[in-house]
Amino acid sequence: MSTTPNTQTSDHAAAQAPSCKVSAGPHDAPASPPGKRPAPPCTLVIFGAGGDLTKRLLMPALYNLAVDGLLDGAMKIIGVNHGERETAEWREDLHKSLQQFAADKASTFHAGKLDDHAWDWVAQRLEYVAGEFETDDTFTKLKEKLARSPGGNVIFYLAVSSRFFKPIVEHLGKAGLLKEAEGESGGFRRLVIEKPFGTDLATARDLNAHILSYAKEEQVYRIDHFLGKDTVQSILAVRFANALFEPIWRREYIDSVQITAAETIGVEGRGKFYEQTGAFRDMVPNHLFQLLGMVAMEPPNSFDAEAVRDKKAEIFDAIKPLTPDDVVFGQYEKGPAGVGYREEPDVAPGSTTETYAAARVFVENWRWAGVPFYLRTGKRLAARRTEISVQLKPVPFRLFRDTPVDALTPNVLTLRIDPAHGTSFDFNVKTPGPVMQIGAVQSSFDYADFFAASANVGYETLLYDCMLGDETLFQRADSIETSWCAVDDVLHPKDGGAMPVHGYAAGSEGPAEADALLARDGRAWRPLQKKAAGTK
Ligand code: BG6
């Protein structure tokens, strides 16, 4: 999360869509936007060159960075995958998918028409290397190629199934490819690791130990793609760039916080992965905890990576270990939105894997003692919505008691992450007319009203920061482990039993038991779907 001075742009006129001033020459780098510097030269080695992540997210992000002039002209991109093919064929495949995504309004990469110069600029830097991820030969080939890496800098991006993480790191380590030469001129060697980082505390510890036996912590960039979202990074901006919020951001004024990541999609052909993972492991100790960390952390002394990560680490450390009693699991059944989970491809007919999880979390520190953080996530829910709602406590003195306006709607600040981008604030005003009546209203800010839509698939900042060596948005080994530790009793209940999984209709608000989790505290989930007027 590199910070640049004077980046406040609030008027429409100033917010221009980035123009592509790209030259196709190998060292002729496009101009970077003011206040931004291009990343240092490097070779980006992508393991999993033929995979979905490379196609859907990494290549669009590299293309967007090229359009913005943020890549060095000497940069190289090597794609490694099993399966013989020529570089030209790989380039052509990527070009086709980029064109498809660009034209697809539903895709995060809806750039419209591809800029040919920008694509040529990226395409010239692509090279395909055929190789298995577990054989010495692949790494010998790579070593030869990397001897000529620009600046001696190399980033290894593991866009592969998690079962390949350990063997790839081991081969890189044994081939000497992770060794950074001493001194400034030596060049960097960095390792980017995708989620899932382990499946519980024991496996995450084991993976960290394995990686750290071949690389230093500073070389390891563990990705949580939620941190690449502008709206997630903006949580810190809202909190720490405004005088309004921080004084009330504490137990004295905040009643509770709801963090929601609701999806309308089902498992979308990922049945095999999902059967072993489930909604809880897939989303809670990683994405949802990261959001919780951003909301709950103390102000850091600076935006230096360690300063920010230390403050977040304190929060993960302060999370009261969850018990099965704090958690509800659900699984979608046939409903208005389609078939049940058990009828999805690659899912066992009697599967007990959860597609929904809700949790009540407490952060045990001075600021947050007693404030519940309610987390929920699920597939095939009534609406797609990722957001954080901070509900304030009622006013201390009920000035309107014994009048028709006795019951006031609580103040709620909602930070909208996806698909809406912005914030809203629910508060009370007097309704017009001679009688004193209070009406609840909402004041909203939408990014699109103030800023030009940015071409952003969420990986641009992460890739750029990794090239710059800024680890602020990446997860440290200790935080990964403390997060898994906080949920260990849910994954491995002490009584040896399994968490019950409750049904919910596909397209609904989730299982009734999740409503009961909040009802026992006298609270309710914010509805995913607006209720029709006159309904309860
Ligand atoms: C991924 C999960 O990490 O995040 C998916 O594996 C989930 O199951 C996805 O759908 C949600 O991310 P986003 O950015 O689409 O909200």
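Under an unreviewed UniProt entry, the name given to the protein chain is Glucose-6-phosphate 1-dehydrogenase, and the source organism is Paraburkholderia ginsengisoli. Quoted verbatim from the Pathway (unreviewed entry) heading of the UniProt record, the comment on the protein chain is "Carbohydrate degradation; pentose phosphate pathway; D-ribulose 5-phosphate from D-glucose 6-phosphate (oxidative stage): step 1/3." Checking UniProt for the protein chain, the heading Catalytic activity (unreviewed entry) contains the comment "D-glucose 6-phosphate + NADP(+) = 6-phospho-D-glucono-1,5-lactone + NADPH + H(+)".

J.: Describe the packing of helix α1 (residues 52-67) against helix α2 (residues 87-103), listing the residues and the values that go with them.
T.: Remark: α1 packs on α2, axes separated minimally by 10 Å, with the N-to-C direction vectors making an angle of 85°. With respect to each other, α1 and α2 are oriented roughly perpendicular. Across the interface between the two elements, T54, K55, R56, M59, P60 and Y63 of α1 pack against W90, L94, S97, L98 and F101 of α2. Counted by class, the contact of α1 with α2 contains seven nonpolar, two polar and two charged residues.

J.: Quick rundown of the UniProt feature "binding site: substrate" (unreviewed entry) in the protein chain? Include the residues and the values.
T.: In the numbering adopted here, UniProt assigns the feature "binding site: substrate" (unreviewed entry) to H225, K229, E263, D282 and K379. By the secondary structure assignment, K229 is in the loop between β6 (220-222) and α7 (230-240). Residue contacts for K229: discarding those within four places in its chain leaves I417 and D418. Summarising the element assignment, E263 is placed in the loop between β7 (254-262) and α8 (271-296). Owing to a relative accessible area of 15%, E263 belongs among the buried residues under this scheme. If near-sequence neighbours (up to four positions away) are discounted, E263 is found in contact with G378, K379, R380, L381, A383 and R384.

J.: Could you give me a rundown of the side chain of H287, with the residues and numbers involved?
T.: Looking at the secondary structure, you find H287 in helix α8. Taking relative accessible area as the criterion, H287 reaches 2% and is therefore assigned buried.

J.: If you had to explain the packing of aromatic side chains to someone new, which residues and values would you point to?
T.: The geometry of an aromatic ring pair is captured by the separation of the ring centres together with the interplanar angle, meaning the angle of the planes. For the coordinates displayed, the defined rule picks out 20 aromatic pairs. Summarising the aromatic geometry, the rings of F47 and F139 are spaced 5.9 Å apart at their centres and angled 25° between planes, so their arrangement reads as stacked. With F47 in strand β1 (residues 43-47) and F139 in helix α4 (residues 136-146), the pair connects residues that are 92 residues apart, well separated along the chain. When its relative accessible area of 0% is taken as the criterion, F47 is described as buried. Judged by centre distance (5.2 Å) and plane angle (75°), the rings of W368 and F373 are edge-to-face. F373 shares its class with W368; the two are buried. In this structure an aromatic cluster arises from ring pairing among F47, F133, F139, F156 and F164. One cation-aromatic arrangement involves K229 over F226; the distance from NZ or CZ to the ring centre is 4.8 Å.

J.: For the packing of helix α6 (residues 201-212) against helix α12 (residues 477-486), give the residues involved together with the corresponding values.
T.: Any two packed helices are characterised by the angle at which their axes cross and by the distance between the axes. Put simply, α6 and α12 touch, their axes get as near as 9 Å, and they point 165° apart. In this view, α6 runs roughly antiparallel relative to α12, as classed from their interaxial angle. The way α6 lies across α12 gives a crossing that is left-handed. Between α6 and α12, the residues in contact are L201, A204, R205, N208 and L212 and A477, I480, E481, W484 and C485, respectively.

What counts, and at which threshold
Residues numbered from 1 in each chain as written. Predicted model: local features only at pLDDT ≥ 70, side-chain atom pairs only at ≥ 80, totals over all residues. Heavy atoms only, no water. UniProt positions renumbered as here; feature names shortened; annotations may be inferred. Axes fitted to C-alpha atoms, helices over the stretch in contact; angles between N-to-C directions. Helix = DSSP H or I, 4+ residues; strand = E, 2+ residues; numbered from the N terminus. Parallel < 35°, antiparallel > 145°, perpendicular 65-115°, else oblique. Contact = heavy atoms within 4.5 Å. Nonpolar A, V, L, I, M, F, W, Y, C, P; charged D, E, K, R; others polar. Buried < 20%, exposed > 50% of the residue type's maximum accessible area, 1.4 Å probe, protein only. Phe/Tyr/Trp six-rings, centres within 6.5 Å; stacked < 30°, edge-to-face > 60°. Lys NZ or Arg CZ within 6 Å of the ring centre and 35° of its normal. Left-handed = near helix turned anticlockwise from the far one by under 90°.

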